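Descriptive structure summary
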2 protein chains.
Amino acid sequence: MNSRFVPDEWKIIENRFEPENSRDSESIFSIGNGMMGQRANFEEKYSGDTLQGSYVAGVYYPDKTVVGWWKNGYPEYFAKVPNAMSWIGIDVEIDGEQIDLATCKIKSFTRVLNMKEGLLERAFTVVLPSGRVAEVTAKRFVSMHEPEKAAVKYSVKISGGNGRIRITSFINADVKNEDANYGEKFWEGTTVKTDGKKAAVKSQTRKTGFVVASAQTNVFCLNGKDVTEGNTNISARSEYVAAIFTNQYTSGDTFEVTKYVAVLSSLNHTPASMETKAMIKAYEGECEGFEAMFEKHKDAWAERWEQGDIAIKGDVAAQQGIRFNIFQLYQTYTGEDPRLNIGPKGFTGEKYGGSTYWDTEAFAFTFYLNTADSHVARNLLLYRYKQLDKAIENAGKLGFKDGAALFPMVTMNGEECHNEWEITFEEIHRNGAIAYAIFNYVRNTGNREYLGDYGLDVLVGISRFWSQRATWSGDKKKYVILGVTGPNEYENNVNNNWYTNTIARWTLRYTIESLEWLRGVNNPKYNAVVSRLSLDLEKEIPRWKDIIAKIHLPEDTSLGIFLQQDGYMDKEQILVSDLDPSERPLNQHWSWDRILRSVFIKQADVLQGIYFFEDDYSDETLRRNFDFYEARCVHESSLSPSIHSILAAKLKDNDRAYKLYLRTARLDLDDYNKEVKDGLHITSMAGTWLAIVQGFGGMRIRNDKVSLNPTLPEAWKSFSFIMRFRNKPLKIEVTEKDVIITNFSDSGISIELYGETETIEPGKTCKLKRK
Amino acid sequence: MNSRFVPDEWKIIENRFEPENSRDSESIFSIGNGMMGQRANFEEKYSGDTLQGSYVAGVYYPDKTVVGWWKNGYPEYFAKVPNAMSWIGIDVEIDGEQIDLATCKIKSFTRVLNMKEGLLERAFTVVLPSGRVAEVTAKRFVSMHEPEKAAVKYSVKISGGNGRIRITSFINADVKNEDANYGEKFWEGTTVKTDGKKAAVKSQTRKTGFVVASAQTNVFCLNGKDVTEGNTNISARSEYVAAIFTNQYTSGDTFEVTKYVAVLSSLNHTPASMETKAMIKAYEGECEGFEAMFEKHKDAWAERWEQGDIAIKGDVAAQQGIRFNIFQLYQTYTGEDPRLNIGPKGFTGEKYGGSTYWDTEAFAFTFYLNTADSHVARNLLLYRYKQLDKAIENAGKLGFKDGAALFPMVTMNGEECHNEWEITFEEIHRNGAIAYAIFNYVRNTGNREYLGDYGLDVLVGISRFWSQRATWSGDKKKYVILGVTGPNEYENNVNNNWYTNTIARWTLRYTIESLEWLRGVNNPKYNAVVSRLSLDLEKEIPRWKDIIAKIHLPEDTSLGIFLQQDGYMDKEQILVSDLDPSERPLNQHWSWDRILRSVFIKQADVLQGIYFFEDDYSDETLRRNFDFYEARCVHESSLSPSIHSILAAKLKDNDRAYKLYLRTARLDLDDYNKEVKDGLHITSMAGTWLAIVQGFGGMRIRNDKVSLNPTLPEAWKSFSFIMRFRNKPLKIEVTEKDVIITNFSDSGISIELYGETETIEPGKTCKLKRK
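Below, the discussion takes up the overall build of chain A. Broken down by element type, chain A carries 20 helices and 33 strands. The C-alpha atoms of chain A give 27 Å as radius of gyration, which agrees with the globular expectation for 771 residues (28 Å, within 12%). With respect to the principal axes defined by its C-alpha atoms, chain A has extents near 90 × 60 × 55 Å. Look at the contacts in chain A between residues 6 or more apart in sequence, and 68% of them connect residues 24 or more apart. Summed over all atoms, the accessible surface of chain A reaches about 26,300 Å², with 47% contributed by carbon and sulfur. The positive charge centre, built from 96 side chains, and the negative charge centre, built from 106, are 1 Å apart in chain A.

Take a look at the structure:
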């Protein structure tokens, strides 16, 4: 695929303005800092097609459910991430004519996302209808150092005559969401406030009452000299504040506005004085100055890259792809606030809504676990822990009781907020991934204490759910789990999805093991847990054990494979290779019923289970299942190819591993699915990271050690990744012949490489042979 | 249940005005004539809660689909029956005060639906704020004789003083549908026209462009004397025309307005001159006069009752219930226009939309087949025949080809217009009922010619669909039909629904038999059919035969029952009797997923199949299946209890048959489901008829004969029903001791009674012993 972007190791570069791809680029060049984010909308007026997007973490609007036919138990709303007030606006009018890339003649245009520094830059030259030429440069960032602050530097050089310029730097709260179900505005009660040069706008979300305030202060320069005073008026009207600068220009003059912004939300501030606080913060920015603010921001990014960079030599497109993914993941979630989570589109679009899907635990969690301090992953776990009561309520609505917990499929605050019944009600496997993340955390960090403090509350709630959800089949003489949707959403309301039953059984087992462990190491705490959760040891544990022993796990013994679900072998066994390419992707060409009854699966399902519990299955079992399901998997979920890639690498099928890797690596950059205009696939970006680190790197945590089985895709000269294990930073570089491991920590570490234990001294690098 | 209505054999009587039940009564007292219909909204202003409904047959609006998440193949729209211009309006103002039952003091109120004569009457006395007393009587009907005409007679007697009266008789086209998905108005381009006393309004539906015109002309009388001239102004404004009569009154004066109305639609007229034509028709009414018009209307109703009345002695509530059902069925569909069908709510409400569901063929068809001239049932068949091309298109959208036809689940014009995928895409069994109706028609009428002319085109299209929809299971070594929803909508996306597979097999068999028959009796016609349908005799027929031989029909041999679907016995086998009554109906108390995975079925499903093909199953098989499924059926479809009742009667379980019958007999009159406010359950009313005629009457058509096995519910003294067989009118009366059969035709008829053949001479009555 020909990329629209110039290959570069650290930058995304666009050298031409393509109005037809404008929304796509707005998504790709998005910037964020975990607290807020902004699509790459233009500062100046743009009358062409655009999706305006300015988002504030944790703020949502409960948009009334849309369904064709109401069914009992449906959630009342779908939580939408509201497009908040726009703080980037800088309109430029030259002799009454506006700079507008949709109407001006464009002489040159470049847009650069500097991922190393977290900076968005534009430079363009346009000719206005009058013939005047304007050379514009624009830079902006949202501070990774102080996440409520942002700044824009915007300059215009005019040539071709003399006249009058007017620059309007504004905040506009008259915004809407395209994705609103009923065309409603999500904000209300907007107020404006000014104080000298400073101005602020404050709005609150309807129904939920989240308050957001944005403030700005501006410095206007002419040819490098501050000329703000005397030339600037502050204007405020309903939902809008502006600093309006007017001046005479002569050909060759350069005007520059530096805009200091603060965005505050009621998640962190009391609403009453929020505008004032925002104005103070914006003014702090001005006092510090753009360059100084940017230096700190750049340093914060440098720290991130030191924790999680992946370097690829010999394949600049792959390098650009993986850095883009890592960059977006860090922009979306920084892990400092346990009320936040990883929205599927991050701060790059409004589609899907909600902030938390099973994607978090099944994919993104491992990325943060390995590339950030352990409190980040812990905060992701605490997010669910804090929503346990809501999960118990949610299960109650579906008829479960006695502390059974069903975490929502999509949520902002713990309530279910998606309303396709086949997803909300049936995709119960998410409960398993949430339990698995606890195990994953404990395995990585060694922090078993977490179980007694928080983890067991969640594990017991989920185990109770599985215990009630599994029913006894008199026919099969087995426990069955009926009416579910597995990860493969190209089937629903199936019985005994192998993945779901497997992860249910595993949860019950892990919960019992964790209770046993706690009883052994800390009996008082164990008793406290039993009492806190009113655990009926006589009744609950035996039932769980009975289910573990007798749960039905469908398989085809003649083929030696696990079955997607009961009845899967009744389907016509045609293969992906039999499909007419013009009918791909199936979800755009086949009617839904045809997809449902076909053999084709959307994403890893049995293989997702084998991936999670790989030590339970031999390579031969993996190989048979891989060959069977890879031939039937159309990978129409962005989450899918990475898991297949990891398993192919495990099977030493490097070619397939690499081909599958390619399907996700530049998914958004090259817009494989023709949907990047709506925003980026943030959570699936973690899958690409997994495919390199766990796939090509063969990295696992086993027996309290990092275990590596690296291989090198033929197309690459080398690759390296940085990870943390128990707060020890490590760098693993895989070259054609060597595996070079650096231990950045101040104590030694033992690592397994190809099954052999190697010890690396503190601060040392160890070069070993690659197999 | 205490009924709100006075028991009466021929009338529905309400003796009190209950504002809280106002919408319910508006539904119950609806009138219609197959061409148009009108909810029992008041003529005079009513400021209380009301659902205004004026409907014109065949007119629909394609309301843009509402879904939470779009899936490929979804229909673009849901066809809504638009509330059309209101033609009943007569506002009365006495000294500036309006008669309004929501604001006046009500001294007395009665409302009567005279079902024998098709007349809606009201009489009420109110005291106005001024103290004036108004005694009002109102009568109206929509003509069964000339279905584009209607008339209203409205009189007001004033006492308690002298003053000024103003009567405004109007047509108002400024109307909306409550059920509109996006709050849109369905009508546009409204024009008004007047000519002397006459006035008309014409509107057209948006998108579909159906044009409807209503015209009126009015006669105003004072104490019996026509005083229209000189006291009446004709007024017209946007979307509204009115005749405004003003006069002085003295205490004791009676004013009366007679309003003659015509409603025309572009289904039957060119739009251009429609207002004029409507005015002419309204004027024709005036010239004929209310009483003369009404006489003809009454005669038309008398004819209907002669064709299809059921009389029950000893149970006035049952008598009222069944006559109400028959009355509503005749009001909804008269069978004169093959473009029309039987909407699930008829002309009594706007909910559900569409006009044609599988209800038509599975339930209503047999009613019309037995109680109307055979062209009526034939028109219902032709309706589908004319939509065959659309059915082939519809199947094409789902990936089927070569003439395979999938008739829509809900439609107005042959296009699918419902958008729950689990219904639209999966409830393919409707195709079977459409084939069955052809068989039912041929069996009843003996008109096998229909097969060669039209029937085989539909049968072959449907058989091709089944042939492609059935796939080979390598696992089962059987043909399977995967991913369906059976009649029981409390399951979906199931495999091998026994009913669906059974009716699919039957269709294939009946199609082959019909082709064979045609080849035998008329070889040229047979060849013409083969060529017209491009039937590949070498490939298609053998495949059909193979499917007939090898289709999987799930059963439990140990229990001796057919299975709802694959895996049904994996469910927890709890029974309806185990349910907490406070959790009924399940669909209002259980979440959808819980319903789906429970053993409970919503309506007859396996039993529906046994009902259709009863001669294929022994009474013992029926009994085992009946006992099994009746214990698991919650009858939450209005279509269900009637089928169970018929089968219980067949099993000579009179008690159960009667109890099940009671569940539908007065479903709407006594508002069992608390939803009559939205309109009546028209199609399920046919089920009640079936329960009496086929259940208690044991009536079947077998071997070209009427076969009877009557029984009598203990609660009844006797019952009789009238039916037509091959255009011979018959009356069957079942008393405690006798079965009395009258042959109204002019030729003899042989009938089977309890398996014995009895011959009844023309015009004679034959009294036989009841078993």
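Residue and element names in this part refer to chain A. Along helix 13 (residues 540-550), the residues classified as buried are Glu540, Ile541, Trp544, Ile547 and Ile548. Down the axis of helix 13, the buried side of the element spans an arc of 120°, and every buried residue falls inside it. Summarising the contacts, the buried residues of helix 13 are in contact with helix 10 (449-469), strand 23 (478-480) and helix 11 (498-521).

What follows concerns the sheet that holds strand 31 (residues 749-753) of chain B. Residues and elements named next belong to chain B. In spatial order, the strands read 26-27-31-32; together these 4 strands make up an open sheet with mixed pairing. At either margin of the open sheet sits one strand with a lone partner, and together these are strand 26 (700-702) and strand 32 (756-760). Direction aside, the axes of adjacent strands within the sheet are offset by 35° on average. Alignment of strand 31 against strand 32, held across 5 bridges, turns out to be antiparallel. Opposite Leu753, over in strand 32, you have Glu756 as the bridge partner.

This part takes up the sheet that holds strand 29 (residues 728-735) of chain B. All names here are of chain B. Taking strand neighbours across the sheet as the criterion, the 5 strands line up as 21-28-29-30-33 in an open arrangement whose pairing is antiparallel. If you trace the sheet from one side to the other, it starts and ends with strand 21 (310-313) and strand 33 (765-769), each paired once. Sheet twist, expressed as the average angle between the axes of neighbouring strands with direction ignored, equals 15°. Seen against the sheet, helix 3 (residues 290-308) touches strand 21 and strand 28 (718-725) and runs at an angle of roughly 100° to strand 28.

Residue and element names in this part refer to chain A. Looking at the element boundaries, Gln320 is found in helix 4 (residues 316-332). A polar side-chain atom of Gln320 sits 3.0 Å from a polar atom in the side chain of Arg666. With near-sequence residues (within four places) excluded, Gln320 lies in contact with Val6, Pro7, Asp8, Glu9, Lys11, Ile12, Met115, Arg666 and Leu669.

With that out of the way, let us pick up the environment of A:Ile548. Residue and element names in this part refer to chain A. Within the secondary structure, Ile548 is located in helix 13. Measuring from C-alpha to C-alpha, the distance between Ile548 and Asn501 comes to 9.7 Å, with 47 residues separating the pair along the chain. Leaving out residues up to four positions away in the same chain, Ile548 has contacts with Arg505, Leu508, Arg509 and Ile512.

Turning our eyes to something else, we now look at the interface of chain B and chain A. Listed as interface residues are 47 residues of chain B and, on the opposing side, 47 residues of chain A. Area buried by chain B at its contact with chain A is led by B:Trp69, B:Asp570 and B:Arg597, which between them contribute 18% of it. Along the contact surface separating chain B from chain A lie 6 salt bridges. The partner of A:Glu422 in a salt bridge is B:Lys71, and the shortest N-O contact between them spans 2.8 Å. Inspection of the chain B/chain A interface yields 18 residue pairs in polar contact (both at pLDDT 80 or more). Only helix 8 (421-424), strand 22 (471-473), helix 14 (586-589) and helix 15 (592-597) of chain B provide two or more residues apiece to the side of chain B that touches chain A. A per-element tally of the side of chain B that touches chain A places helix 15 of chain B first, with 5 residues. Within the side of chain B that touches chain A, the residues separate by chemical class into 16 nonpolar, 15 polar and 16 charged.

What follows covers the pairing of strand 7 (residues 90-94) of chain A. Residue and element names in this part refer to chain A. Counting buried residues in strand 7 gives 4 out of 5 residues, a clear majority hidden from the surface. Sheet topology places strand 7 next to strand 13 (residues 163-172); 5 bridges connect them, and they run antiparallel. Paired with Ile90 across the two strands is Ser169, which belongs to strand 13. As paired elements, strand 7 and strand 8 (residues 97-98) share 2 bridges and run antiparallel to each other. If you follow Glu93 over to strand 8, its bridge partner there is Gln98.

This brings us to unusual backbone geometry. Among all residues except glycine, the phi angle is most often negative; among peptide bonds, the trans geometry is most common. Residue and element names in this part refer to chain A. Note the cis peptide between Arg584 and Pro585, where omega equals -10°. Structurally, Pro585 can be placed in the loop between strand 25 (561-562) and helix 14 (586-589). With a phi close to 60°, Lys652 is a non-glycine residue in the positive phi region. Counting through the fold element by element, Lys652 comes out in the loop between helix 18 (640-650) and helix 19 (654-665).

A few words on the relation of the copies chain B and chain A. Once turned by 180° and shifted 0.1 Å along the axis, chain B lies on chain A with an RMSD of 0.1 Å. Such a turn and shift between the copies fits a two-fold axis. Taking the C-alpha atom as reference, chain B places B:Val67 closest to the rotation axis, 2.4 Å from it. Interface overlap between copies: 100% of the residues of chain B at the interface are likewise at the interface in chain A, consistent with a symmetric, same-surface contact.

Looking now at the packing of helix 5 (residues 358-371) of chain A against helix 6 (residues 374-386) of chain A. Residue and element names in this part refer to chain A. In the contact formed by helix 5 and helix 6, the axes pass within 8 Å of each other and the chain directions differ by 150°. When the axes of helix 5 and helix 6 are compared, the pair comes out roughly antiparallel. Across from Thr360, Glu361, Phe365, Tyr368 and Leu369 in helix 5, the residues of helix 6 making contact are Val376, Ala377, Leu380, Leu381 and Arg384. Taken together, the residues that form the contact of helix 5 with helix 6 break down as 7 nonpolar, 1 polar and 2 charged.

Turning to the environment of B:Arg543, a few remarks are in order. All names here are of chain B. Following the sequence through the fold, Arg543 ends up in helix 13 (residues 540-550). With relative accessibility at 31%, the residue Arg543 sits in the partly exposed group. It is 9.9 Å that separates the C-alpha atoms of Arg543 and Arg464, two residues lying 79 residues apart in sequence. With sequence-adjacent residues up to four places away left out, Arg543 is seen in contact with Ser467, Ala470 and Tyr479. Within polar-contact distance, the side chain of Arg543 engages the backbone oxygen of Ser467 at 2.8 Å.

So, about the packing of aromatic side chains. Working definition: an aromatic ring pair is given by the centre-to-centre distance plus the angle between the planes. Inspection of every chain in the model, using the stated rule, returns 119 aromatic pairs over all chains. Seen from their ring centres, A:Phe562 and A:Tyr617 are 5.4 Å apart, and the 65° between their planes marks the pair as edge-to-face. Here A:Phe562, found in strand 25, pairs with A:Tyr617, found in the loop between helix 16 (606-612) and helix 17 (619-630); they are 55 residues apart in sequence, far enough to count as distant. On the basis of relative accessible area, A:Phe562 is assigned to the buried category, the value being 13%. Consider the rings of B:Tyr611 and B:Phe612, whose centres lie 5.6 Å apart with planes at 35°: the pair is tilted. Comparing B:Tyr611 with B:Phe612, the two get one shared label, buried. Three or more aromatic residues joined by ring pairs form one cluster here, namely A:Trp358, A:Phe363, A:Tyr436, A:Phe439, A:Tyr499, A:Trp506, A:Tyr510, A:Tyr611, A:Phe612 and A:Phe613. The ring centre of A:Tyr240 lies 3.9 Å from the NZ or CZ of A:Arg237, which sits over that ring. Positioned above the aromatic ring of A:Trp590 is the side chain of A:Arg594, whose terminal nitrogen or guanidinium carbon lies 4.0 Å from the ring centre.

Reading the values: the criteria
Residues numbered from 1 in each chain as written. Chains lettered and ligands numbered in written order. Predicted model: local features only at pLDDT ≥ 70, side-chain atom pairs only at ≥ 80, totals over all residues. Heavy atoms only, no water. Helix = DSSP H or I, 4+ residues; strand = E, 2+ residues; numbered from the N terminus. Rg over C-alpha atoms; globule rule 2.2 N^0.38 Å. Contact = heavy atoms within 4.5 Å. Areas by Shrake-Rupley, 256 points an atom, 1.4 Å probe, with all protein chains shown as cover. Lys, Arg positive; Asp, Glu negative; His and termini not counted. Charge placed at Lys NZ, Arg CZ, Asp CG, Glu CD. Buried < 20%, exposed > 50% of the residue type's maximum accessible area, 1.4 Å probe, protein only. Arc of directions from axis to C-beta. Pairing = 2+ DSSP bridges. Axes fitted to C-alpha atoms, helices over the stretch in contact; angles between N-to-C directions. Polar contact = N/O pair within 3.5 Å; in protein donor to acceptor, adjacent residues only side chain to side chain. Buried area = accessible area lost by both parts, 1.4 Å probe. Salt bridge = Lys/Arg side-chain N within 4 Å of Asp/Glu carboxyl O. Nonpolar A, V, L, I, M, F, W, Y, C, P; charged D, E, K, R; others polar. Least-squares fit on C-alpha atoms with pLDDT ≥ 70 in both. Parallel < 35°, antiparallel > 145°, perpendicular 65-115°, else oblique. Phe/Tyr/Trp six-rings, centres within 6.5 Å; stacked < 30°, edge-to-face > 60°. Lys NZ or Arg CZ within 6 Å of the ring centre and 35° of its normal.

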